[in-house]
Structures are given as structure tokens and as C-alpha cells.
Amino acid sequence: MTSKQLEKNNIDNVRNLFALMGSKSWPKRLWANYDYKQDDINVLIHKVLKEDSSYLIPLWDKKDNNTISSAKLLEENKFAISYSEIGMSLDVHLSKNIFGNDLYINFAGSKDDIATWVEVASNSFSFPIIYETIYKLSKNKNVDLILLYKEDIPIGTALIFTNSNVVGVHLLSILPTYRGNAFSKKIIEEIVSFSKREEIQYLTLIASSHSSNFYENLGFKKQFILNNYMKKCKKY
């Protein structure tokens, strides 16, 4: 798989997951196609102005004139970068086992498991994640929910979405009181094993700027910058 195709698959994986969740699910984003042009971004701008100014418009850097002109168009319409993220990928054949065995993983399937998943993720992100949205997603054959336990206490989550020839890693979280112990590595280790079982070569994810070094230490490679634009609020 070429680096450009892998980049596209990363974006498509995220876009397709948000399509399943619905555009009004947190975080609210309006996605263009991977090979967007300025006109595509203009359509999204008018949708934000007409419907809901709280939508984010993600713009990934394609390193071409369309990225430059689209960013300029957003700025002309009083949009600014709210935050930036980094697209990353991992070749699972190059990864190694990275953690001990004092933790264990459960794939959430029952309603109780899903309720636990939602509670842990909500507390980790400090934002209420809607149970109905996650329950609906869990019924999709390409979605798997992971719960990380330490001594029978659920402490972490991830959602994996097998789509676009990659395994996308989403909503990976650890409860605040358990952070700083690299427990996220155990989750990644399990997803690597899952990907190998499914015979899918690459994991992809969108990382925050402050977590990208953590993923690089696990072998992930940076692919692209994704800037999330939001309409500026009026000041009175």
C-alpha cells in the first residue's frame, strides 16, 4: 500500500465512522471527501452558517493548492483553527509486544458492558458520550468496543472500526486517576493482535498534538496534519 493510499484510508476510516454516528454526534464535524477542492469546503461553510455554528470543519493538509485555497476561504469566512491533530499509522508486522500481563482486555458486547464502556469513556474525556450512539455502533459488524481492566476495575476504552482496508483506532481513553502508567499501550497491543488475526496490515488513528510522541514511541508514523476549523464567535 502506498503512503498516499494509506493516508486516504485513514481519512476515509474516520469519515465513514462519523457517517455511522451521525453528524450531530460529539464531536460535531462536517467532512469533505479526501480529494476535496475549494468548492467542497465552500459547501460545508454554507452548511455551518445556515445550520449550526458549532460544527467543526476538518481540513487535512494535502500539500497542494487546494489546501491553501480552502484554508484561505475558511479564514475569509471568519473560521479559525480550533485545534490540530496528526494522522498516524502503524504497520502491525513491525510492532512488538509492549506490556506485561497485570491488565486484561474485554470486548464489550452486552448492554451492561456497553454501559460501562460509555461511563469510562465519558469520565475519561470529561464529556458525556451518548449511550444510544455507541449501542447503535456496536451492532455494526465492523465496530468493536474494547474495555481495559486492572484488577477487575474498568479503566480504559477504545473503539476500533475495520473499514477502508485499515483498522481505525478511535476514542482510546484512560481514566484520569490511572494515567501516567502507559496503560494505553495494552490497548494498542490488543488492537495489533486483532489486526493480525483479521489479516489487516495497518492501524490508523488521528492523534492530538500532545499524544503523537506517545504513538511514535510505539512505532506509529506521522502521515498528515488535520486542522479543525470553527466559526469565530462574535465579540460584543
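Overview of the structure. These numbers come from a predicted model, not from an experiment.

**Side note on the environment of Glu 151**
Tracing the sequence through the fold places Glu 151 in the loop between strand S4 (143–150) and strand S5 (153–163). On the basis of relative accessible area, Glu 151 is assigned to the exposed category, the value being 63%. Distance from Glu 151 to Tyr 104, taken between C-alpha atoms, is 8.5 Å for residues 47 residues apart in sequence.

**Quick look at the environment of Lys 136**
As for its position among the elements, Lys 136 is in helix H5 (residues 131–138). On the basis of relative accessibility, which here comes to 59%, the residue Lys 136 falls in the exposed class. Through-space distance from the C-alpha of Lys 136 to that of Met 21 is 8.2 Å; in sequence the pair is 115 residues apart.

**Concerning the pattern of salt bridges**
Counting across every chain of the model gives 10 salt bridges. With a shortest N-O distance of 3.8 Å, Glu 7 and Lys 4 are connected by a salt bridge. Linking Glu 7 with Lys 4, this pair stays in helix H1 (residues 3–21), spanning 3 residues, or about one helical turn. With relative accessibility at 9%, the residue Glu 7 sits in the buried group. Salt-bridge contacts for Lys 28 lead to Asp 52; the nearest nitrogen and oxygen are separated by 2.4 Å. Taken together, the residues Lys 28 in the loop between H1 and helix H2 (38–51) and Asp 52 in the loop between H2 and strand S1 (56–60) connect sequence positions 24 residues apart.

Rules used in this analysis
Residues numbered from 1 in each chain as written. Predicted model: local features only at pLDDT ≥ 70, side-chain atom pairs only at ≥ 80, totals over all residues. Heavy atoms only, no water. Helix = DSSP H or I, 4+ residues; strand = E, 2+ residues; numbered from the N terminus. Buried < 20%, exposed > 50% of the residue type's maximum accessible area, 1.4 Å probe, protein only. Salt bridge = Lys/Arg side-chain N within 4 Å of Asp/Glu carboxyl O.

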